[in-house]
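Analysis of the macromolecular model
The residues making up each chain are set out below.
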Amino acid sequence: SNNKILVEMDESTGVAVMKIKNPPVNSLRLELLTEFAISLEKLEIDRGCRGLILTSASPKIFSAGLDITEMCGKSTEHYEAFWRAVQEMWLKLFGSNMVTIAAVNGSSPAGGCLMSMCCDYRIMADNPKYAIGLNETQLGIVAPFWFKDTMMHIVGSRVTEQSLQLGQMYPAPAALKIGLVDQLVPEDKVQSTAAAVMAQWLSVPDHARQITKSMIRKPIIDRLVKQREADINNFVSFISKESIQKSLQVYMDRLKQKK
Ligand code: CO8
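Described below are features of the structure shown in this document. If you're wondering where the values come from, they're calculated on a predicted model, not measured in any experiment. (Residues numbered from 1 in each chain as written. Predicted model: local features only at pLDDT ≥ 70, side-chain atom pairs only at ≥ 80, totals over all residues. Heavy atoms only, no water.)

**Considerations on the packing of helix 2 (residues 76-94) against helix 7 (residues 206-226)**
Threshold: Orientation is described by axes fitted as lines to C-alpha atoms, over the contacting stretch for helices, and by angles from 0 to 180 degrees between their N-to-C directions. Under the DSSP-based scheme used, a helix requires at least four consecutive residues in state H or I and a strand at least two consecutive residues in state E, with every element numbered from the N terminus. Should an angle fall under 35 degrees it is called roughly parallel, over 145 degrees roughly antiparallel, and 65 to 115 degrees roughly perpendicular, with every other angle called oblique. Take the far helix as the reference: if the near one is turned anticlockwise from it by less than a right angle, the crossing is left-handed, and if turned clockwise, right-handed. In this description, contact between two residues means that some pair of their heavy atoms is separated by no more than 4.5 Å. Side-chain classes follow a simple rule in which Ala, Val, Leu, Ile, Met, Phe, Trp, Tyr, Cys and Pro form the nonpolar group, Asp, Glu, Lys and Arg form the charged group, and the remainder, Gly included, forms the polar group.
For the pair helix 2 and helix 7, interaxial distance at closest approach is 10 Å and the crossing angle is 165°. Relative to helix 7, the element helix 2 is oriented roughly antiparallel. Crossing angle aside, the handedness with which helix 2 passes helix 7 is left-handed. Contacts from Gln 87, Trp 90, Leu 91 and Phe 94 of helix 2 reach helix 7 at Lys 213, Arg 217, Ile 220, Ile 221, Leu 224 and Val 225. Broken down by class, the residue content of the contact of helix 2 with helix 7 amounts to seven nonpolar, one polar and two charged.

This is the structure:
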């Protein structure tokens, strides 16, 4: 099959670099999410792999988030499978035992922001043209509770409430200011900085770091695990509404017209 998830493993450092490659905008389709989960699982069980750097193979765009066409005019079965795959991506990445660093080398709306927020540390290209955030309300849709939980985990509830209500996208400097990303570096230094930060995180003994990570993240993960099916049903009934389908269509048309 056509690989959309490129993985390069450095045996000497125990660090894997995973690049999302789905031009033009790295939108997250069902097929890609499935490949992502399989690739991540392989690294997770590889005892030689201790760290993961997640980035994009497309310059200027980390990920445009969930592929909107996956949520438009499809069957109930498709929506179910799609949402289960989105959940799986989150469960695996947020719950990873590896050190995970997002090298955010471009724009990162919605699902792209979620992916990077799942990591332990975020490095973003210092370019105000690149923005990151959960913009769901701008599309007339609602970020589910576990998207909200993930953002609260990083920037706290006050900033999360405001950001989610407004569907706010933060240009890189503003994202740093609110702590949505941890560090800004020149565009050509994103990968090397990620490697340097990784080395620092890997200097901590794995078991102690992993137990600590799990202590903090497990309650957040358990909330979704406990109501996974209800969350799927919720998504399917929400996205199947005629008014929501209309909103998504209007948004997609606006994206295309922008040119
Ligand atoms: N899905 C599908 N197609 C997309 C998406 C997307 N998310 N984003 C862009 N595209 C398409 C565009 O329509 C365009 O198509 P075409 O070439 O046929 O006209 C093509 O990709 C290129 O897009 P642009 O010309 O806009 O490329 P730019 O480089 O100018 O900009 C951006 C790139 C910044 C990524 C811009 O495309 C953008 O802002 N995209 C929209 C991103 C967005 O709003 N994503 C939200 C997705 S929703 C989500 O992730 C979470 C949903 C949670 C579910 C809630 C429960 C109900």
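**Considering the pattern of salt bridges**
Going by this rule: Here, a salt bridge means any Lys or Arg side-chain nitrogen found within 4 Å of an Asp or Glu carboxyl oxygen. For every residue, the accessible area (1.4 Å probe, protein chains only) is compared with the maximum for its type, and the residue is labelled buried under 20%, exposed over 50%, or partly exposed between those bounds.
With the rule as written, the count across this model stands at 15 salt bridges. Where Asp 206 meets Arg 209, a salt bridge forms, and the shortest distance between an N and an O atom there is 3.8 Å. Taken together, the residues Asp 206 and Arg 209, both in helix 7 and three residues apart, mark about one turn of the helix. Relative accessible area serves as the criterion here: at 9%, Arg 209 is assigned to the buried category. One salt-bridge network, held together by shared partners, links Glu 41, Glu 88, Lys 92 and Arg 228.

**A look at the sheet that holds strand 9 (residues 170-171)**
The condition is simple: Whether two strands pair depends on DSSP finding at least two bridges between them.
Pairing is mixed across the open sheet formed by four strands, whose spatial order is 4-6-8-9. Two strands lie at the open edges of the sheet, namely strand 4 (60-61) and strand 9, each paired on one side alone. Relative to strand 6 (residues 106-109), strand 4 is paired through two bridges, and the arrangement is parallel. Note that in strand 6 the partner of Ile 61 across the bridge is Ser 107.

**Examining the site of the ligand**
Note the cut-off: Put simply, a residue is near a molecule or strand once any heavy atom of it comes within 4 Å of that molecule or strand. Polar contacts here mean pairs of N or O atoms no more than 3.5 Å apart (in protein, one a potential hydrogen donor and the other a potential acceptor; neighbouring residues in sequence count only if both atoms are side-chain atoms). In these tables, accessible area is a Shrake-Rupley quantity obtained with a 1.4 Å probe, and a residue counts as shielded only by the protein chains included in the view.
Of all residues adjacent to the ligand, which total 28 residues, the nearest are Leu 66, Ile 68, Tyr 251, Lys 258 and Lys 259. With respect to the ligand, the backbone of Leu 66 contributes an N or O atom lying 2.8 Å from an oxygen atom. At a separation of 3.0 Å, an oxygen atom of the ligand approaches a polar side-chain atom of Asn 135. Calculation on the ligand without its partners gives an accessible area of 1,100 Å², and the protein chains cover 80% of this total. Listed by contribution, the elements that provide at least two residues to the shell around the ligand are helix 8 (228-239) and helix 9 (242-257). Per element, the largest residue contribution to the shell around the ligand is four residues, and it comes from helix 9.

**Observations regarding the side chain of Thr 160**
Note that Thr 160 resides in helix 4 (residues 145-166). For Thr 160, a relative accessible area of 1% puts it in the buried group. A polar contact of 3.5 Å, which involves the side chain of Thr 160, links it to the backbone oxygen of Met 151. Of the polar contacts made by the side chain of Thr 160, one reaches the backbone oxygen of Gly 156; its length is 2.6 Å. Once you skip the residues sitting within four places of it in the chain, Thr 160 turns out to touch Lys 148, Met 151, Met 152 and Val 155.

**Some words on the environment of Trp 146**
The residue Trp 146 is located in helix 4 in this model. Of the residues examined, Trp 146 reaches a relative accessible area of 0% and is grouped as buried. As a C-alpha pair, Trp 146 and Arg 217 span 71 residues in sequence and 12 Å in three-dimensional space.

**Focus: unusual backbone geometry**
Following Pro 23, the chain continues into Pro 24 via a peptide bond in cis, with omega recorded as 5°. You can see Pro 24 is positioned in the loop between strand 2 (15-20) and helix 1 (30-45). Even without glycine at this site, Lys 60 takes up a positive phi of about 80°. If you trace the backbone, Lys 60 turns up in strand 4. On the basis of relative accessibility, which here comes to 55%, the residue Lys 60 falls in the exposed class.

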